[in-house]
Amino acid sequence: MSSKMNGFAQGTVLKVAYSMLALTSCVVLAQTGVGFYKAKLLSASGCLVYIAFACFATVCALYIALSPYMQR
């Protein structure tokens, strides 16, 4: 996993993808928990946060799945 791809090693790309996905998941789960605790209705900005999180999780999954093939 130490071979270079566009200046970054595959292991580095995977570590960053996993750590950023974990960090954003914690933030979104915390926001959801606070929303349930305060019994707030879901607003438009809340919906956009969930849509953005879904898009980000998809991009991270693609980076993780395609990182072995980026070396070629």
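Each value, and the rule that gives it
- Residues numbered from 1 in each chain as written.
- Predicted model: local features only at pLDDT ≥ 70, side-chain atom pairs only at ≥ 80, totals over all residues.
- Heavy atoms only, no water.
- Helix = DSSP H or I, 4+ residues; strand = E, 2+ residues; numbered from the N terminus.
- Buried < 20%, exposed > 50% of the residue type's maximum accessible area, 1.4 Å probe, protein only.
- Contact = heavy atoms within 4.5 Å.
- Areas by Shrake-Rupley, 256 points an atom, 1.4 Å probe, with all protein chains shown as cover.
- Patch = residues over 30% accessible without salt bridge, like charges linked within 9 Å, V, L, I, M, F, W, Y side chains within 5 Å.
- Salt bridge = Lys/Arg side-chain N within 4 Å of Asp/Glu carboxyl O.
- Axes fitted to C-alpha atoms, helices over the stretch in contact; angles between N-to-C directions.
- Parallel < 35°, antiparallel > 145°, perpendicular 65-115°, else oblique.
- Left-handed = near helix turned anticlockwise from the far one by under 90°.
- Nonpolar A, V, L, I, M, F, W, Y, C, P; charged D, E, K, R; others polar.

Asker: Would you mind going over the overall build of the protein chain with me for this structure?
Answerer: A count of helical and extended segments in the protein chain gives 2 helices and 2 strands. A buried classification covers 17% of the 72 residues belonging to the protein chain. Contacts in the protein chain between residues at least 24 apart in sequence constitute 59% of all its contacts with a sequence separation of at least 6. Surface exposure of the protein chain reaches about 5,500 Å², of which carbon and sulfur atoms provide 73%.

Asker: Just to check I follow, could you spell out a nonpolar patch on the surface for this structure?
Answerer: A contiguous nonpolar surface patch, about 580 Å² in accessible area, is contributed by Val59, Leu62, Tyr63, Leu66, Tyr69 and Met70. Along the chain, Tyr63 turns up in helix H2 (residues 44-66).

Asker: What should I look at first to understand the packing of helix H1 (residues 10-37) against H2 in this one?
Answerer: Helix-helix packing is described using two parameters, namely the angle between the two axes and the distance between the axes. Where H1 contacts H2, the axes come no closer than 10 Å and their chain directions differ by 160°. Classed by the angle they form, the pair H1 and H2 counts as roughly antiparallel. Relative to H2, the crossing made by H1 is left-handed. Along its contact with H1, which presents Leu14, Ala17, Tyr18, Met20, Leu21, Thr24, Ser25, Val28, Gln31 and Thr32, the element H2 presents Val49, Tyr50, Phe53, Phe56, Ala57, Cys60 and Ile64. Tallied by class, residues from the contact of H1 with H2 come to 13 nonpolar, 4 polar and no charged.

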